[in-house]
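Descriptive structure summary
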Amino acid sequence: MKKIFVANFKMNKTNPEVLDYIQELNNHLPESLSSDVCLCLPYTSLCLGKFLDERIAVGAQNMHEEDFGPFTGEISADMLCCLGVKYVIIGHSERRKYFNETNEKINKKIKTALRHGLKVVLCVGETKVQRNSKRTTEILSQQIESALSGIFENELKGIIIAYEPVWAIGTGKVASSEDIEEAVKTIRKLISSHYSKQAAQDQKILYGGSLTSGTAKSILKIDGICGALVGGASLDPNEFIKIIS
Ligand code: PGA
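Just so you know, these numbers come straight off a predicted model, no measurement behind them. (Residues numbered from 1 in each chain as written. Predicted model: local features only at pLDDT ≥ 70, side-chain atom pairs only at ≥ 80, totals over all residues. Heavy atoms only, no water.)

As for the overall build of the chain
- Helices and strands together make up the secondary structure of the chain, namely 10 helices and eight strands.
- Taking 2.2 N^0.38 as the reference for a compact globule, 245 residues should give roughly 18 Å; the C-alpha atoms of the chain span a radius of gyration of 17 Å, in line with that estimate.
- By its C-alpha atoms, the chain is 45 × 45 × 35 Å across when sized along the principal axes.
- Per-residue burial for the chain yields a buried fraction of 52% across its 245 residues.
- Within the chain, counting contacts between residues at least 6 apart in sequence, those at least 24 apart form 73% of the total. (Helix = DSSP H or I, 4+ residues; strand = E, 2+ residues; numbered from the N terminus. Rg over C-alpha atoms; globule rule 2.2 N^0.38 Å. Buried < 20%, exposed > 50% of the residue type's maximum accessible area, 1.4 Å probe, protein only. Contact = heavy atoms within 4.5 Å.)

Notes on the site of the ligand
- Neighbouring the ligand are 13 residues, the closest being Lys 10, His 92, Glu 164, Gly 170 and Ser 210.
- In this structure, an oxygen atom belonging to the ligand sits 2.7 Å away from a side-chain N or O atom of Glu 164.
- Interatomic distance of 2.6 Å between a backbone N/O atom of Gly 170 and an oxygen atom of the ligand.
- Here the ligand loses 96% of its free accessible area of 280 Å² to cover by the protein chains. (Near = heavy atom within 4 Å. Polar contact = N/O pair within 3.5 Å; in protein donor to acceptor, adjacent residues only side chain to side chain. Areas by Shrake-Rupley, 256 points an atom, 1.4 Å probe, with all protein chains shown as cover.)

Side note on the nonpolar core
- Counting residues in hydrophobic clusters, the biggest one holds 68 residues, and the most contacted among them are Leu 39, Ile 110, Leu 122, Ile 159 and Phe 240.
- At six residues, helix α7 (residues 177-194) tops the list of elements feeding residues into this core.
- Those residues within four positions of Leu 39 in sequence are excluded, and the remaining contacts are Ala 7, Phe 9, Tyr 21, Leu 25, Leu 52, Ile 56, Ala 57, Val 58, Gly 59 and Phe 240.
- Counting 14 residues, the second-largest nonpolar core is a separate cluster that includes Val 6, Cys 38, Ile 89 and Leu 229. (Core = buried A, V, L, I, M, F, W, Y, C linked by side-chain atoms within 4.5 Å.)

A word on the side chain of Thr 186
- Turning to its location among the elements, Thr 186 is positioned in helix α7.
- Owing to a relative accessible area of 12%, Thr 186 belongs among the buried residues under this scheme.
- In this structure Thr 186 touches Thr 137 and Leu 140, once residues within four positions along its chain are discounted.

A short note on the packing of helix α6 (residues 136-147) against α7
- One way to put it is that α6 packs onto α7 with a least axis distance of 10 Å and a crossing angle of 45 degrees. Considered as vectors, α6 and α7 are oriented oblique to each other. Considering how the two elements wind past one another, α6 and α7 form a crossing that is right-handed. Of α7, the residues touching α6 (which contributes Thr 137, Leu 140, Ser 141, Ile 144 and Glu 145) are Ala 183, Thr 186, Ile 187, Leu 190 and His 194.
- Residues that form the contact of α6 with α7 fall into these classes: five nonpolar, four polar and one charged. (Axes fitted to C-alpha atoms, helices over the stretch in contact; angles between N-to-C directions. Parallel < 35°, antiparallel > 145°, perpendicular 65-115°, else oblique. Left-handed = near helix turned anticlockwise from the far one by under 90°. Nonpolar A, V, L, I, M, F, W, Y, C, P; charged D, E, K, R; others polar.)

Considerations on the packing of aromatic side chains
- Counted by the stated rule, this structure contains one aromatic pair.
- Summarising the aromatic geometry, the rings of Phe 9 and Tyr 21 are spaced 4.8 Å apart at their centres and angled 70 degrees between planes, so their arrangement reads as edge-to-face. In this pair, Phe 9 is assigned in the loop between β1 (4-8) and α1 (15-28) and Tyr 21 in helix α1, connecting sequence segments 12 residues apart. Here the two residues Phe 9 and Tyr 21 agree in accessibility, since each one is buried.
- Taking NZ or CZ as reference, Lys 128 lies 4.2 Å from the ring centre of Trp 167, over its face. (Phe/Tyr/Trp six-rings, centres within 6.5 Å; stacked < 30°, edge-to-face > 60°. Lys NZ or Arg CZ within 6 Å of the ring centre and 35° of its normal.)

A look at the sheet that holds strand β8 (residues 227-230)
- Around the barrel, eight strands lie side by side as β1-β2-β3-β4-β5-β6-β7-β8; this closed barrel has parallel pairing. Across the sheet, the mean angle separating the axes of adjacent strands is 25 degrees when strand polarity is ignored.
- As paired elements, strand β5 (residues 119-124) and strand β6 (residues 159-163) share five bridges and run parallel to each other. The residue bridging Leu 122 from the neighbouring strand is Ile 161, located in β6.
- Most of the contacts of α6 go to β5, to which it runs at about 150 degrees, and overall it touches β5 and β6. (Pairing = 2+ DSSP bridges.)

Things to note about the packing of helix α4 (residues 103-115) against α6
- As a packed pair, α4 and α6 sit with axes 8 Å apart at the nearest point and diverge in direction by 40 degrees. Between α4 and α6, the crossing angle belongs to the class labelled oblique. When you trace α4 past α6, the crossing you get is right-handed. On α6, the residues that touch Asn 103, Ile 106, Asn 107 and Ile 110 of α4 are Gln 142, Gln 143, Ser 146 and Ala 147.
- Here the residues of the contact of α4 with α6 are counted per class, giving three nonpolar, five polar and no charged.

Right, here's the structure in full:
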């Protein structure tokens, strides 16, 4: 399976800083780039995506579930598409935690994104408390079942699932290979029981949470992991290049 790397800039970098980053990235990209790479920029920088090397896609970090309307401060799928955006992160734990995004809202966003031809990076993952109380499988099941409710099997090719244990995000703590492998198995089992064995096999699953160039190699070797969602480490173009190469 082709590897996929998604950079999540979160609320970092002004437009001049993004332009510097793009220049550095374009200048040092390996010639033989064999993975899909996407930069999820802040909304204000999406218009700069056109300066990226054509092998790099541009993504957004969120979008509204409605197509248009009185939603002050929100951004629609059409607005993203008009800027050449190809991917959108949906259900990031920071959106769930700080912006009260429910599983139901995430499901609506996914349907809207797919209807507009955007590739969805669906984030799922348990908190430390949930893990400690052995609820990881239950939480992943809840998140995935509700996110994918009403989604048809042929639409799954537009969805990439990122397993991001909440306690590993931005903390410098990477989940152990065993924990990641276990989570990946749980996700595939869910896809298999709700869709088919083939769908489970084809499902693209990424890992996210404090991944750096130092830990990327071993994480990417984990059975069933086909790439990464990278936050902090993606902010330095040279570090990100090391990860994607
Ligand atoms: P991190 O963030 O790599 O800084 O832990 C990952 C994410 O939040 O997607």
